[in-house]
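Chain by chain, the residues run as shown.
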Amino acid sequence: MSHYTVAFAGNPNTGKSTLFNLLTGMRQHTGNWAGKTVITAEGEFTHHSHVYRAVDLPGTYSLYSNSADEEAARDYIIFEQPDVTLVVLDATSLERNLNLALQVLEITGRAVVCINLIDEAHRLGIDINLKAISKRLGVPVVAISARNKIGIDALLDQVERVATGAFTAGPLVITYNDEIERSIAQLTPMVEQLFGSKYPARWIALRLLDGDNSLLASLKSNFNGKAIPGTKEVMGHGITACH
């Protein structure tokens, strides 16, 4: 049997943990993220001939390190690099939930977007064009109801496609204004030189430009204190390093 890791990401109250519990059943345990008081849950499920280690990331509204939950979710996706990041969205609040999905997809293309509560959306008269969303995001998109066990097999089939490499995609590239893009272009090669091609250089460059000191701390701890550039600020004459 092949073994893969799936990280469950999503806003609070999207049914993410309901889906996690449905798939893992009693085959799960809880603990704390290293160095944090944030609780983590892990479990296991199988689909076809594959075994999946499921990691239920803390429910967060973003990956911008405004809380310990957000830092834990962000660091797991970046440094542990799960085979699949399953982003669970609420079908009745897609506009709000897509913010987190876009942030995840800027980090990794090894993702499946799971639109949960589809039965509730239908009850409210909400029609969701899955094909259009999938085309725009560049990853598989599946509608389910975890509570009523609707669409679960279809979801797991897409998780399998991404995990096995039958489906591949790079991180989503969102184009920012010219000034930010120039700064990204200058900083990205430096990030790639320091960390290689394993990590999402463009996304790291964006966070450094935004002065994300929490990410700097995580990078340093994961690279054994290796010297890395300090916070970057976009200036009128380009990028100035503030060590």
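Everything below is about the structure shown above.
About the criteria used
- Here the residue index of a chain counts from 1 through its sequence in written order.
- Per-residue local features of the predicted model are confined to residues with pLDDT of at least 70, and side-chain atom pairs are confined, for both listing and counting, to 80 or more; whole-chain, interface and lining totals are unaffected and use all residues.
- Side-chain metrics rest on all non-hydrogen atoms present in the structure, leaving aside hydrogens and water.
- The secondary structure listing takes helices from DSSP runs of H or I that are at least 4 residues long and strands from runs of E that are at least 2 residues long, numbered from the N terminus.
- Note on classification: 1.4 Å probe, protein chains only; a residue is buried when its accessible area is under 20% of the maximum for its type, exposed when over 50%, partly exposed between these limits.
- Reported accessibility uses the Shrake-Rupley method at a 1.4 Å probe radius. Residues are deemed covered only where the shown protein chains occlude them.
- Only rings of Phe, Tyr and Trp enter the pairing, Trp through its six-membered ring, and a pair is recorded when the two centres are within 6.5 Å. The plane angle decides the type: under 30 degrees is stacked, over 60 is edge-to-face, the rest tilted.
- Both a distance and an angle decide whether a charge sits over a ring: NZ of Lys or CZ of Arg must be within 6 Å of the ring centre and within 35 degrees of the ring normal.
- By definition, residues are in contact when any of their heavy atoms lie within 4.5 Å.
- The criterion for strand pairing is that DSSP finds at least two bridges linking the strands in question.
- Angles run from 0 to 180 degrees between N-to-C directions of axes, and those axes are lines fitted to C-alpha atoms, restricted for helices to the stretch in contact.
- Just so you know how the angles are binned, under 35 degrees is roughly parallel, over 145 roughly antiparallel, 65 to 115 roughly perpendicular, and the rest oblique.
- When residues are sorted by character, Ala, Val, Leu, Ile, Met, Phe, Trp, Tyr, Cys and Pro go into the nonpolar class, Asp, Glu, Lys and Arg into the charged class, and all the rest, Gly among them, into the polar class.
- The set of buried Ala, Val, Leu, Ile, Met, Phe, Trp, Tyr and Cys residues whose side-chain atoms join them within 4.5 Å is what this entry labels a nonpolar core.
- When a carboxyl oxygen of Asp or Glu is within 4 Å of a side-chain nitrogen of Lys or Arg, the pair counts as a salt bridge.

Draft legend 1. Spotlight on the overall build of the chain. Looking only at helices and strands, the chain has nine helices and nine strands in total. Relative to its full complement of 243 residues, the chain shows a buried share of 52%. Just so you have it, the chain exposes about 11700 Å², and 49% of that area is on carbon and sulfur atoms.

Draft legend 2. Structural context of the packing of aromatic side chains. In the structure shown here, the tally under the stated rule is four aromatic pairs. These aromatic residues form a ring-pair network of at least three members: Tyr4, Phe45 and Tyr52. For Arg207, the ring lying beneath its charged end belongs to Tyr64, and the centroid distance is 4.0 Å.

Draft legend 3. Up close: the environment of Ala143. Summarising the element assignment, Ala143 is placed in strand 7 (residues 141-143). Taking C-alpha positions, Ala143 is 9.3 Å from Leu89, a pair spaced 54 residues apart along the chain. Among residues more than four places away in sequence, those in contact with Ala143 are Ile115, Ile118, Leu130, Ile150 and Gly151.

Draft legend 4. Region of interest: the pairing of strand 1 (residues 2-10). Most of strand 1 is tucked away, with seven of its nine residues classed as buried. The pairing of strand 1 with strand 4 (residues 50-56) spans seven bridges and is parallel. Opposite Val6, over in strand 4, you have Ala54 as the bridge partner. Inspection of the sheet shows strand 1 paired to strand 5 (residues 84-90) by five bridges, in the parallel sense. What sits directly across from Gly10, in strand 5, is Val88.

Draft legend 5. A look at the packing of helix 8 (residues 201-209) against helix 9 (residues 213-222). Where helix 8 contacts helix 9, the two axes come as close as 8 Å, and the packing angle between them is 130 degrees. In terms of axis orientation, helix 8 runs oblique to helix 9. Along the contact surface, helix 8 presents Trp203, Ile204, Arg207 and Leu208, while helix 9 presents Leu215, Leu216 and Leu219. Residue composition of the contact of helix 8 with helix 9, by class: six nonpolar, no polar and one charged.

Draft legend 6. The arrangement of the nonpolar core in detail. In terms of nonpolar packing, the biggest core is built from 48 residues, with Leu57, Ile115, Val191 and Ile204 touching the most fellow members. Residue contributions to this core peak at seven residues, all from helix 8. Phe8, Phe45, Ala54 and Val159 belong to the second-largest nonpolar core, a separate cluster that totals 25 residues.

Draft legend 7. Focus on the environment of Pro200. Turning to its location among the elements, Pro200 is positioned in the loop between helix 7 (178-195) and helix 8. Looking at Pro200, the relative accessible area reads 13%, which means it is buried. Sequence spacing of Pro200 and Ile78 is 122 residues, and the spatial spacing of their C-alpha atoms is 7.6 Å. When neighbours within four sequence positions are excluded, Pro200 is seen to be in contact with Ile78, Glu106 and Ile107.

Draft legend 8. Summary view of the pattern of salt bridges. Overall, the coordinates contain nine salt bridges when judged by the stated rule. We note a salt bridge from Asp75 to Arg74, for which the minimum N-O separation is 2.9 Å. Of the two residues, Asp75 and Arg74, both sit in the buried class. One salt bridge in this structure joins Glu120 and Arg123, with 2.5 Å as the shortest N-O distance. Here Arg123 and Glu120 lie together in helix 4 (residues 118-123), a separation of three residues that amounts to about one turn.

Draft legend 9. Spotlight on unusual backbone geometry. With a phi angle near 55 degrees, His48 is a residue other than glycine that sits in the positive phi range. In the Ramachandran plot, Leu117 falls in the positive-phi region, its phi being about 65 degrees despite a non-glycine side chain. Its place among the elements puts Leu117 in the loop between strand 6 (111-116) and helix 4.

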